[in-house]
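Observations on the three-dimensional arrangement
Okay, here's what each chain looks like letter by letter:
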Amino acid sequence: MDISNNLSTIDSVILGNYIVKHYGPMSHLKLQKLLFYCDAYHLAYFGKELVTDGFEAWVHGPVSRKVYNSFKDKSVLYADIDYSELQVNDPDADFARLTSSQQNFIIEILDNLSTWTDLDLETATHNEKPWQEARMGYSAGDKCSVLISKDTTLQFYKKELYA
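Residues numbered from 1 in each chain as written. Predicted model: local features only at pLDDT ≥ 70, side-chain atom pairs only at ≥ 80, totals over all residues. Heavy atoms only, no water.

1. Quick notes on the pattern of salt bridges
Worth spelling out the cut-off: Every case where a carboxyl oxygen of Asp or Glu lies within 4 Å of a side-chain nitrogen of Lys or Arg is listed as a salt bridge. Strands are runs of DSSP state E lasting at least two residues, helices are runs of H or I lasting at least four, and both sets are numbered from the N terminus onward. Relative accessibility thresholds used throughout: buried, under 20% of the residue-type maximum; exposed, over 50%; partly exposed, between the two (1.4 Å probe, protein chains only).
In the structure shown here, the tally under the stated rule is seven salt bridges. Between D11 and K66 there is a salt bridge, with the nearest N and O atoms lying 2.3 Å from each other. Separated by 55 residues along the polypeptide, D11 in the segment before α1 (12-23) and K66 in helix α3 (residues 65-71) bring together distant segments of the chain. Its relative accessible area of 30% is what places D11 among the partly exposed residues. Exposure remark for K66: the relative accessible area of 41% places this residue in the partly exposed category.

Structure, rendered in structure tokens:
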């Protein structure tokens, strides 16, 4: 485990661009879940967040409002975001600023979870404590902008990593 103080964060929108560039077109819903899991597992493994965004407990799972606002004109919930249509700076240079341990860890997460469907990822987050805890008191279809606790996220995914 890289426990140095050299750990970096990455802008969530840039990480989203990186994911779409390297893992192909995907729905906004899937991208949001992959971003959440990258941050959650990074937090659990390294003890520091990967992105500084909070994730809100929306109906379809965790959502970074910053990323949502960035991509909302390019995609609807289930329509694919295609990197070739984004017209953004190449995210690889920003990704390369992460330590090699961080890069390898994130790539391992993405290699595993990018094979899941958007609905598999949504279902998974719905069955996990961080999203459930933030949605307490809300019914299934209610709008909710409550932030998912980073502390709960750290504790839950640390147990997952070391189970």
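2. What to know about the packing of aromatic side chains
Definition in use: What counts as a ring pair is set by centres within 6.5 Å for rings of Phe, Tyr and Trp (its six-membered ring), and what kind of pair is set by the plane angle: stacked under 30 degrees, edge-to-face over 60, tilted for all other angles.
Applying the stated rule across the entire model yields 12 aromatic pairs. For the ring pair Y37 and Y41, a centre distance of 5.9 Å and an interplane angle of 25° mean the geometry is stacked. Here the residue Y37 and the residue Y41 both occupy positions in helix α2 (residues 28-46), the gap between them amounting to four residues, near one helical turn. Considered together, Y37 and Y41 belong to a single accessibility category, that of buried residues. With 5.0 Å between their ring centres and 70° between their planes, Y41 and Y157 make a pair best called edge-to-face. Residue Y41 is found in helix α2, and its partner Y157 is found in helix α8 (residues 150-161); the two are separated by 116 residues along the sequence.

3. Side note on the environment of G54
The test is simple: Throughout, a contact is declared for two residues whenever any of their heavy atoms are within 4.5 Å.
Its location among the elements puts G54 in the loop between α2 and β2 (55-58). Here the alpha-carbon distance between G54 and D39, two residues 15 residues apart in the chain, equals 9.9 Å. With sequence-adjacent residues up to four places away left out, G54 is seen in contact with V63, S64 and L147.

4. Focus: the pairing of β2
Short version of the rule: Pairs of strands are assigned from DSSP output, requiring at least two bridges between the strands.
In the sheet, β2 pairs with strand β3 (residues 61-64) via four bridges, with the strands oriented antiparallel. Bridged to A57 within β3 is P62. Counted along the chain from β2 to the antiparallel partner β3, the turn is two residues long.

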